[in-house]
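# Fold and contact review
Take a look at the letters that make up each chain.
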Amino acid sequence: MRIGIDLGGTKIEAIAIDDNGVVRLRWRVPAPRDSYPATLTAIVELVRNVEDEVGERGTVGVGIPGTISSATGLVKNANSTWLNGQPLADDLPPLLDRPVRFAHDANCFALSEAIDGAAAGAEVVFGVIAGTGVGGGVVVHHRVLVGVNGIAGEWGHNPMPAPRDGEWPGPRCYCGRTGCIEQFLCGPALARDYVAAGGHALTAQDIARACAADSLAAAVLARYEERMARALASIINVLDPDVVVLGGGLSNVDRLYESVPKLWAPYVFSDTVTTRLVRAAHGDSSGVRGAAWLWD
Ligand SMILES: [Zn+2]
């Protein structure tokens, strides 16, 4: 049995899957915000409850909203900021009395989709989470590519390629840079763009729904698609993935899967582009499933 833990900002979710990826049990608890010791306790209790319920001991993989620094061994880059600087990878294994594998939640997402999701069978997979932020993960031959700095796939804070008028230097980002891809492709960015163009406050998905009757929404979404195409083309040029899997709130916008691949061709250094853009198969469960699959 494989147990996956998804350490989110508002909830901690556990899943137990068998060798075929069949879910045996799911459990979720509210995340103890702002307390690292309480987070440790919550994880240990979750694992204990799952194992008591199923009656079997499992491997444990944990998806975190950041990464373990190879320099310090401490958590870094987590938007659940109470985890940053904490020795999670040292503290958790003895509490659970077993080795524990950790990965960035975007990497877990990509792994889940590569193993038995929308990119099953693909050699090289780029997983994108486009929601309140923009993250990414790379899976090659069913293994997460971590990278020497632990940031492989983190394309959200690259500058938007081939910037147009008004895109450079672009909006300020919380990371300290300007014009980051995340600042154009996250859900709030699409909503902001619609308001800036004269629309009213709508969510990204409402903007997509409004397109048929609202030419302003259609124009704003078309601009979004063109930006996503440029940003993904730069990934295709480096990684040449078989499949790009889209997750997060924006993955529910149906027309992206048709429009974006038509728009990325001019920016890709190849006569043909067979890379597919597909919607995540496991939806919100991909992260926790991928954490479980950290043990193969
Ligand atoms: Zn940034």
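Notes on the structure follow. (Residues numbered from 1 in each chain as written. Predicted model: local features only at pLDDT ≥ 70, side-chain atom pairs only at ≥ 80, totals over all residues. Heavy atoms only, no water.)

Time to look at the nonpolar core. Ranked by size, the top nonpolar core spans 39 residues in total, and within it W155, L185, Y224, L232 and W264 carry the most contacts. Taken together, the elements giving at least two residues each to this core come down to β8 (124-130), β9 (134-140), α4 (182-185), α5 (187-196), α6 (204-210), α7 (215-239), β11 (243-247) and α8 (256-264). For W264, the contacting residues outside a window of four places in its chain are A229, L232, A233, I236, V273, T275, R276 and L277. In terms of nonpolar packing, the next biggest core, distinct from the first, is built from 30 residues, Y36, A42, L88 and F102 among them. (Core = buried A, V, L, I, M, F, W, Y, C linked by side-chain atoms within 4.5 Å. Buried < 20%, exposed > 50% of the residue type's maximum accessible area, 1.4 Å probe, protein only. Helix = DSSP H or I, 4+ residues; strand = E, 2+ residues; numbered from the N terminus. Contact = heavy atoms within 4.5 Å.)

On to α8. Looking at α8, one finds that the buried residues are L256, Y257, S259, V260 and W264. Buried residues belonging to α8 abut α7, β11 and β12 (276-279).

To continue, consider the coordination of the zinc ion. Around the zinc ion, the donor atoms from the protein are H157 (ND1), C173 (SG), C175 (SG) and C180 (SG), and they sit 2.0 to 2.3 Å away. Every donor counted, the 4 donor atoms about the zinc ion form angles of 105 to 119° at the centre, which fits tetrahedral coordination. Each donor residue of the zinc ion lies on one chain, and together they are spaced H-x15-C-x1-C-x4-C. Residue H157 is found in the loop between β10 (143-144) and α4, and its partner C173 is found in the loop between β10 and α4; the two are separated by 16 residues along the sequence. (Donors = N, O, S within 2.8 Å, 3.2 Å for Na, K, Ca; no water. Tetrahedral: all angles 85-135°; square planar, octahedral: opposite > 155°, others 65-115°.)

Turning our eyes to something else, we now look at the sheet that holds strand β7 (residues 100-104). Within the open sheet, the 5 strands sit side by side as β3-β2-β1-β4-β7. Their pairing is mixed. Since the sheet does not close on itself, it has two edges, and those belong to β3 (23-30) and β7, each with one partner. Across the sheet, the mean angle from the axis of one strand to that of its neighbour is 15°, orientation sign disregarded. Note that strand β2 (residues 11-17) and β3 share 7 bridges and pair antiparallel. Directly across from A14, in β3, lies its bridge partner W27. Helix α1 (residues 36-54) rests against β1 (2-7), β2, β3 and β4 (59-64) of the sheet, and its axis sits at about 150° to β3. (Pairing = 2+ DSSP bridges. Axes fitted to C-alpha atoms, helices over the stretch in contact; angles between N-to-C directions.)

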